[in-house]
Amino acid sequence: MVNAIKDFDVVESPRKPGVVIVYFDLLFCGQKTGVKVMGESVFAQYWMEDSERYFLVFQNAPWEETNYEFYLLTKDFLVLDRVHLFSPDDRDDELIESYELKDDVFSFKKYGNDNRYKVVIDNKGKVSYSFDGLKYRLILGALKPVKYLQLTPL
């Protein structure tokens, strides 16, 4: 069973002098979880009761190319996996228009171009290394052997 929740929020982390990248602390019921993200707002959040995990979607502002991050966390807030979806440089209006999480698949459509995507959540995880995964993952995430999330265009 999957439940939409409203327990998570983010707050900007203090920056060290000279650091340009902005990180945000993930809060659960107002308390820091120890997880840092780059998304400046929580777009969608779910508690997956059967697997006792959280699935979170973070969004950056449109003027920052409307990037999305998808996280899978344990009930103790350990990051199991994450994938990213970046908008093209010439588009800053590619907001998610409609979405749903059903049967361990988060499917969504982007505004203005009808691009559809899905994030498949594998509760056991798969051992894999692929160049294809680099498109939606940071290098360290691609090098992690076990993947729980797979982002694919439809």
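Keep in mind it's a predicted model, so treat the numbers as computed, not measured. (Residues numbered from 1 in each chain as written. Predicted model: local features only at pLDDT ≥ 70, side-chain atom pairs only at ≥ 80, totals over all residues. Heavy atoms only, no water.)

> Any chance you could explain the environment of Gln 59 here in plain terms?
One can find Gln 59 in strand 6 (residues 53-59). Sequence-wise, Gln 59 and Ile 96 are 37 residues apart; in three dimensions their C-alpha atoms are separated by 9.4 Å. (Helix = DSSP H or I, 4+ residues; strand = E, 2+ residues; numbered from the N terminus.)

> Got a minute to help me understand the sheet that holds strand 2 (residues 8-12) in this structure?
One key point about sheets: their strands pair by backbone hydrogen bonds, in either a parallel or an antiparallel sense. The strand order across the open sheet built from three strands is 2-3-4, with neighbouring strands paired in antiparallel fashion. Among the strands making up the open sheet, the edge pair consists of strand 2 and strand 4 (31-37). The average angle at which neighbouring strand axes cross in this sheet is 35 degrees, direction not considered. The pairing of strand 2 with strand 3 (residues 24-28) spans five bridges and is antiparallel. Bridge pairing in strand 3 links Glu 12 to Phe 24. (Pairing = 2+ DSSP bridges. Axes fitted to C-alpha atoms, helices over the stretch in contact; angles between N-to-C directions.)

> So what exactly am I meant to see when it comes to the packing of aromatic side chains here?
Two aromatic rings are characterised by how far apart their centres lie and by the angle between their planes. By the definition in use, this model includes 18 aromatic pairs. When the ring of Tyr 54 is compared with that of Phe 77, the centres are 5.8 Å apart and the planes differ by 15 degrees; the resulting orientation is stacked. Of this pair, Tyr 54 sits in strand 6 while Phe 77 sits in the loop between strand 7 (68-74) and strand 8 (79-85); the two residues are 23 residues apart in sequence, bridging distant segments of the chain. Each member of the pair Tyr 54 and Phe 77 is classed as buried. Summarising the aromatic geometry, the rings of Phe 70 and Phe 106 are spaced 6.0 Å apart at their centres and angled 55 degrees between planes, so their arrangement reads as tilted. Of the two residues, Phe 70 is situated in strand 7 and Phe 106 in strand 10 (residues 105-110); the sequence distance between them amounts to 36 residues. For Phe 70, a relative accessible area of 0% translates into the label buried. (Phe/Tyr/Trp six-rings, centres within 6.5 Å; stacked < 30°, edge-to-face > 60°. Buried < 20%, exposed > 50% of the residue type's maximum accessible area, 1.4 Å probe, protein only.)

> Looking at this structure, I do not really get the environment of Asp 7. What am I missing?
Tracing the sequence through the fold places Asp 7 in the loop between strand 1 (2-4) and strand 2. On the accessibility criterion, Asp 7 (31% relative accessible area) is partly exposed. C-alpha separation for the pair Asp 7 and Gln 45, spaced 38 residues apart in sequence, amounts to 8.1 Å. In this structure Asp 7 touches Leu 27, Phe 28, Cys 29 and Gln 45, once residues within four positions along its chain are discounted. (Contact = heavy atoms within 4.5 Å.)

> Even after reading the chapter, I still don't get the sheet that holds strand 8, so can you show me in this structure?
The five strands lie next to each other as 1-5-6-7-8, forming an open sheet whose pairing is antiparallel. Whereas interior strands pair on both sides, the edge strands pair on one side only; in this sheet they are strand 1 and strand 8. Sheet twist, expressed as the average angle between the axes of neighbouring strands with direction ignored, equals 20 degrees. The pairing of strand 5 (residues 41-48) with strand 6 spans seven bridges and is antiparallel.

> Sorry, what's going on with unusual backbone geometry here?
Peptide bonds are mostly trans, and most non-glycine residues show a negative phi. One non-glycine residue, Asp 103, lies in positive phi territory at about 55 degrees. Structurally, Asp 103 is set in the loop between strand 9 (96-102) and strand 10. Phi angles above zero are rare outside glycine, and Asp 104 is one such case at about 60 degrees. Its place among the elements puts Asp 104 in the loop between strand 9 and strand 10.

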